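Here is what each chain is made of, one letter per residue.
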Amino acid sequence: MELLPRSPGEFGSARYWERFFRQRGQRPFEWYGAFPELCPVLRKYVRPRDKVLVVGCGNSELSEQMYDTGMCEDIVNIDISDAVIRQMQERSSSKRPKMSYLLMDMLQMDFSDACFQVVLDKGTLDAILTDDEEATLSKVDRMFAEISRVLQVGGRYLCVSLAQAHVLKKAVEYFSQEGWVVRVHEVAGGGDKQQFVLPVFVYVMTKFRKIPGSALQILEICPEEQDKPMRVESVERLVEAVKDRQHYALLCSQLSKTPCGEQLSLDLCNKDSGRPRYTLHVVDSPSVKPSRDNRFAIFIIPQGRETEWLFGTEEGRRQLAASAGFGRLVTVALHREQRYEGMASIQAELSGKVMELAPPGLPARQQVPFLSVGGDIGVRTVRHCDTSPLSGEYVVEDVKGDDACYFRRLVFLSNRNVVQSEARLLAPAPPPGQKKRRKDKKKAGPAEPPMAIDKSYLCCEHHKAMVAGLCLLGSPDPLPAPITVLVVGLGGGSLPLFIHDYFSQARVAVVEIDPSMLEVATRWFGFSQGNRMQVHVSDGLDYVAKLAAEAPAQYDAIMFDVDSKDLTVGMSCPPPAFVEKRFLQKVKTILKSEGVFVLNLVCRDARLKESVLAVLREVFPLLYARRIDGEVNEILFCQPSPEGRRDPVELGTRARALEGALQQPGLPWDSSYVLADMLQAVTIL
């Protein structure tokens, strides 16, 4: 039996609906959800004494259920189908004497002005507004004008809709321009999920007298999980907010039916501010054999650790899910702008939402475990926030890592999942003569002195590799005396500080384009200048070009550790201009004949990376590469003369000698830092 129209335009045809209801018979046809789903929203706006008009009533049971539950009895239903009006009159006339059914076209109603407190429309607007043709839009304008005419001031037009963008935009623009207050509710569990994957919405348009010359618009959205409406600033933003809810519903529908081939991510936002509160990644592990207890789990990433490889990359999350042994794992990252009370409060906040992401076949009352590292949510303390004209917004924060160690990090919020600089912190020593308190009695408070920077520890593996590259310097002496080093890119200053402190005869020049970063490094990362350490606030491109023209062959080592501000390029370090042939030739000019140029390359674009390597090989005859395990970083060691070529075994020997020389009395040494390991894994390109 054919019940659907041949074209969408037939939805507005009386002939179509006459045929539809004759063929369907007495069976109720519920567009967009039944009474139990709609009732919580309708009760907010329909009072028992209200006179209600239902336009395009069809044979829905909605009016009957509103009557039978005592929500409202004075209900007038109209429709353009004679067949359905006669059906509904026969069904309700004796049972519901105060409710009536009339054959009437809502585009030209017979009612007097301002005679209803509520007009209710369940799917009728969606059925009429099928396209943006002039005739269709004219029909909708007539419908809205008639609804406005029969409603009293203070009355409500309640429109149940799937909220397609063109339908929502038309309705909101029309009534907001008339000075009405517009609120959009998402209906909890709206509709038949087999028939309608998209959520159901109710537009609530409250009639106010239009104030001449006023452009004030009051637009609000009320998502299903909260009662308090959120104000939005424009029609476009309201449409976008509804689209977000629709996309989320589609995502949940997809995840409930089939395993997820690719990792899916979404943000859950704070209901008051609208800012992201949680970032979720859904990871399926096909290799895990499903059982009752390992189908689904939630993993809370400790604060500040979302940038680590295991949690911050697709491959890392895939490994985490497989090692956890669950068929589907949802990882949850916590945002630095938000406050969290603890694991229990996060679990209570997320429990209902994450169940919407459950895999197919999960029993309805299955208990889902919440996992984390060490059973807590970690510690993150934001020490400083500011904005730089060159780097944008940034934060300095202290986070708790493995083994209860704390780390200070610099993060640019334009690329918030990347740690720009990192340093390990030392716990403050008690004053002389003061005994250390027992752990259970210690109370950390705001008066506690800040922890000092551990300058002996290089947090970044690529910094360790860059320092190890100094073994390539031509002199057989493990500590060439003296050496001159140019570092382009200051960040927190850990790399130049380490070279300054452990290479006691080194003279270090640092070039940093952003004066704000010098202030951050000095104030928050223990950086300082002196006779052997000077910072030049300048563009690295200009500084090198000037040196090449005035003072060639003056550096034993040149190191580039500079990030790119252009996130559209597949190379985040360095900026493309730093690896152009003409500029690299200038770098070679200021490098001594037996020196080494060390480049931190972070490039996800394979073709772009090959072109960078090709240019480097053109300029530097000798090129070594060291991949950093678990990271995108690759450290390139470039030398101007092919005579300095050494195999990895020889490099390991030189690295061990240098490592021994660096372990000087009075300077702490991190025993996990093995220079030989860094260089024995290099490849010669």
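Source: prediction; values computed, not measured. (Residues numbered from 1 in each chain as written. Predicted model: local features only at pLDDT ≥ 70, side-chain atom pairs only at ≥ 80, totals over all residues. Heavy atoms only, no water.)

A. Inspection of the overall build of the protein at higher detail. In terms of regular secondary structure, the protein is built from 19 helices and 28 strands. The buried share of the protein, taken over its 685 residues, is 51%. Put simply, 70% of the contacts in the protein that link residues at least 6 apart link residues at least 24 apart. Looking at the protein as shown, the accessible area adds up to about 32600 Å², and 50% of this sits on carbon and sulfur atoms. (Helix = DSSP H or I, 4+ residues; strand = E, 2+ residues; numbered from the N terminus. Buried < 20%, exposed > 50% of the residue type's maximum accessible area, 1.4 Å probe, protein only. Contact = heavy atoms within 4.5 Å. Areas by Shrake-Rupley, 256 points an atom, 1.4 Å probe, with all protein chains shown as cover.)

B. View of the pattern of salt bridges. Inspection of every chain in the model, using the stated rule, returns 33 salt bridges. With a shortest N-O distance of 2.7 Å, arginine 305 and glutamate 308 are connected by a salt bridge. For glutamate 618, the salt bridge is made with lysine 581, and the minimal N-O distance between the two is 2.7 Å. Placement of the pair is glutamate 618 in helix α17 (residues 606–619) and lysine 581 in helix α16 (residues 581–589), with a sequence separation of 37 residues. A cluster of three or more residues bridged by salt bridges with shared partners is formed by Glu64, Asp68, Arg91 and Arg96. (Salt bridge = Lys/Arg side-chain N within 4 Å of Asp/Glu carboxyl O.)

C. Summary view of the packing of helix α6 (residues 134–150) against helix α7 (residues 165–177). Contact pair α6 / α7: the axes reach a minimum separation of 11 Å and the direction vectors enclose 45°. The pairing of α6 with α7 is recorded here as oblique in orientation. Considering how the two elements wind past one another, α6 and α7 form a crossing that is right-handed. Of α7, the residues touching α6 (which contributes Leu137, Val140, Asp141, Phe144 and Ala145) are Lys170, Ala171, Tyr174 and Phe175. Partitioning the contact of α6 with α7 into residue classes produces seven nonpolar, no polar and two charged. (Axes fitted to C-alpha atoms, helices over the stretch in contact; angles between N-to-C directions. Parallel < 35°, antiparallel > 145°, perpendicular 65-115°, else oblique. Left-handed = near helix turned anticlockwise from the far one by under 90°. Nonpolar A, V, L, I, M, F, W, Y, C, P; charged D, E, K, R; others polar.)

D. Spotlight on the side chain of serine 60. Of note, serine 60 is situated in the loop between β1 (52–55) and α3 (62–68). Serine 60 sits in the buried class, given a relative accessible area of 10%.

E. Looking closely at the sheet that holds strand β8 (residues 219–222). Strand order in this open sheet of nine strands is β3-β2-β1-β4-β5-β7-β6-β8-β9, and the pairing throughout is mixed. Each edge of the open sheet carries a strand with a single partner, namely β3 (100–103) and β9 (230–232). Neighbour-to-neighbour, the strand axes of the sheet open up by a mean angle of 20°, direction not taken into account. With four bridges joining them, strand β2 (residues 75–79) and β3 adopt parallel strand pairing. (Pairing = 2+ DSSP bridges.)

F. The packing of aromatic side chains, seen in detail. In this structure the tally under the stated criterion is 15 aromatic pairs. Summarising the aromatic geometry, the rings of tyrosine 278 and tyrosine 340 are spaced 5.6 Å apart at their centres and angled 50° between planes, so their arrangement reads as tilted. One end of the pair, tyrosine 278, is in strand β11 (residues 276–284); the other, tyrosine 340, is in the loop between β13 (328–334) and α11 (343–354), and 62 residues separate them in sequence. A single burial state applies to tyrosine 278 and to tyrosine 340, both of which are buried. Geometrically, the ring pair formed by phenylalanine 560 and phenylalanine 578 is edge-to-face, given 5.5 Å between the ring centres and 85° between the ring planes. Taken together, the residues phenylalanine 560 in strand β23 (residues 555–560) and phenylalanine 578 in the loop between β24 (571–573) and α16 connect sequence positions 18 residues apart. (Phe/Tyr/Trp six-rings, centres within 6.5 Å; stacked < 30°, edge-to-face > 60°.)

G. Broad picture of α6. Given a rise of 1.5 Å per residue, 17 residues ought to cover 24 Å, and the 25 Å separating the end C-alpha atoms of α6 matches this to within 8%. By the burial criterion, the buried members of α6 are Thr136, Val140, Met143, Phe144, Glu146, Ile147, Ser148 and Val150. Taken together, the buried residues of α6 touch β1, β4 (116–122), α5 (124–128), β5 (151–161) and α7. (Expected span 1.5 Å × (residues − 1).)

H. Here's a closer look at empty space enclosed by the protein. A complete count under the given rule lists three cavities of 30 Å³ or more for this structure. When its volume is computed, the largest cavity comes out at roughly 80 Å³. Taken together, Ala423, Ile453, Asp454, Lys455, Tyr457, Leu458, Gly492, Gly493, Ser494, Leu497, Phe498 and Phe525 form the lining of the largest cavity. For the lining of the largest cavity, the element with the most residues is helix α13 (residues 494–502), which contributes three residues. Considered class by class, the residues forming the lining of the largest cavity number seven nonpolar, three polar and two charged. (1 Å grid on protein atoms, 1.4 Å probe; cavity = no way out; pocket = protein on both sides within 12 Å on 5 of 7 lines; lining within 4 Å. Points joined across faces, edges and corners; volume = space filled by probe spheres on them.)

I. Layout of the environment of methionine 99. Looking at the element boundaries, methionine 99 is found in the loop between α4 (82–92) and β3. Ignoring any residue separated from it by four or fewer positions in sequence, one finds methionine 99 in contact with Ser63, Glu64, Tyr67, Glu73, Ile75, Asn77 and Ser92.

J. Up close: the environment of arginine 328. With respect to the element layout, arginine 328 can be found in strand β13. The buried category is assigned to arginine 328, whose relative accessible area is 1%. In this structure, the C-alpha to C-alpha distance between arginine 328 and valine 288, residues 40 residues apart in sequence, is 9.0 Å. A polar side-chain atom of arginine 328 sits 3.0 Å from the main-chain carbonyl oxygen of leucine 357. (Polar contact = N/O pair within 3.5 Å; in protein donor to acceptor, adjacent residues only side chain to side chain.)

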